[in-house]
Amino acid sequence: MNEFDDLNLEETQEMDETPETRDLAGESDAEDLPEETGLPSPEETELPEPEDLLEDRPALRELTDEEREALAIPPAERTWHQTELADLARHGDFETQRSFLRDENGDLAETYYGAPGSQRPDGIRFGPEGISLWETKDYGDVNNLLRNMEAQTADRLALFGSDVDITYSVNGSRLSVGDAERLQEKAEELGVNAELILK
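These remarks concern the structure in this document. (Residues numbered from 1 in each chain as written. Predicted model: local features only at pLDDT ≥ 70, side-chain atom pairs only at ≥ 80, totals over all residues. Heavy atoms only, no water.)

**A few points about the side chain of Arg98**
Now for step 1: If you trace the backbone, Arg98 turns up in the loop between α3 (80-89) and β1 (99-102).
Now for step 2: Side-chain polar atoms of Arg98 contact the side chain of Glu95, separated by 2.8 Å.
Now for step 3: There is a polar contact of 2.9 Å between the side chain of Arg98 and the side chain of Glu110. (Helix = DSSP H or I, 4+ residues; strand = E, 2+ residues; numbered from the N terminus. Polar contact = N/O pair within 3.5 Å; in protein donor to acceptor, adjacent residues only side chain to side chain.)

**Comments concerning the nonpolar core**
Now for step 1: One finds Ile131, Leu133, Leu145, Met149, Phe160, Leu183 and Val192 to be the most contacted residues of the largest nonpolar core, which totals 22 residues.
Now for step 2: The set of elements that each furnish at least two residues to this core consists of β4 (130-137), α4 (142-160), β5 (165-171) and α5 (177-190).
Now for step 3: Ranked by the residues each element gives to this core, the list is headed by α4, at 6 residues.
Now for step 4: Residues contacting Leu183, with those up to four places away along its chain left out, are Leu145, Leu146, Met149, Val170, Leu175, Ala194 and Leu196.
Now for step 5: Formed by 6 residues, the second largest nonpolar core is a distinct cluster that contains Leu63, Ala70, Ala86 and Ala89. (Core = buried A, V, L, I, M, F, W, Y, C linked by side-chain atoms within 4.5 Å. Buried < 20%, exposed > 50% of the residue type's maximum accessible area, 1.4 Å probe, protein only. Contact = heavy atoms within 4.5 Å.)

**Things to note about α4**
Now for step 1: Taking 1.5 Å as the rise per residue, α4 with 19 residues should run 27 Å; its terminal C-alpha atoms sit 26 Å apart, in good agreement.
Now for step 2: Turning to α4, its buried residues are Val142, Leu145, Leu146, Asn148, Met149, Gln152, Thr153, Arg156, Leu159 and Phe160. All buried residues of α4 fall inside an arc of 160° around its axis, so they share one side. Residues Arg147 and Ala158 are exposed on α4 and point more than 90 degrees away from its buried face.
Now for step 3: Elements in contact with the buried residues of α4: β1, β2 (108-111), β3 (123-127), β4, β5 and α5.
Now for step 4: Directly beyond the C-terminal end of α4, a positive phi value near 100° is found at Gly161. (Expected span 1.5 Å × (residues − 1). Arc of directions from axis to C-beta.)

**Notes on the sheet that holds β3**
Now for step 1: In space, the 4 strands of this open sheet follow the order β3-β4-β5-β6, with mixed pairing throughout. Edge strands, defined here as strands with exactly one partner in the open sheet, are β3 and β6 (193-197). Going across the sheet, the axis of each strand differs from the next one's by a mean of 20°, ignoring polarity.
Now for step 2: Of the strand pairs in this sheet, β5 and β6 are connected by 5 bridges, and their pairing is parallel. Pairing of Tyr168 across the sheet is with Ala194, part of β6.
Now for step 3: Along the sheet face, α3 touches β3, β4, β5 and β6 and points at about 145° away from the line of β4.
Now for step 4: With respect to the sheet, α5 is in contact with β5 and β6, its orientation differing from that of β6 by roughly 155°. (Pairing = 2+ DSSP bridges. Axes fitted to C-alpha atoms, helices over the stretch in contact; angles between N-to-C directions.)

Shown next as structure tokens:
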């Protein structure tokens, strides 16, 4: 039995707003984006039906109507919150809305939203190989994105341990080809995974 099999769970308060630790960028209107990004545009990318996107999705939890609606919106037209909903809806083996900290014994424990010293990843999975975290990002400025990834990775490693597996899922409609290359370089430097959301 590992330390996560006997977590001191407390009732988690559900919140509609994301916590400060998530530090996602604000909403961006599609018309404010550069005309040429180098990545496939919404017009060039045929969007599959929401149900097709979920074909191989693990069924840990049921989708909400809000998540299904977000999946039907092209990435370039989504708000940051819709990007998060659509992305995590496709990864049903990750749980959401859970906050964690280290208790007085130094053990990882679940706590309430906003507890001092706590962190609230976008998605978390406890598996036989350890903890996996999923973080969704929607930034128009790649420099801000990379700075956020660097700071958040340090925070996550400090709380969840050096063996935690972290994946950053980034709205690719906001990035140029050069931006995407910098993203992959930063991910390799930090020892994390990075994926682009293109549909």
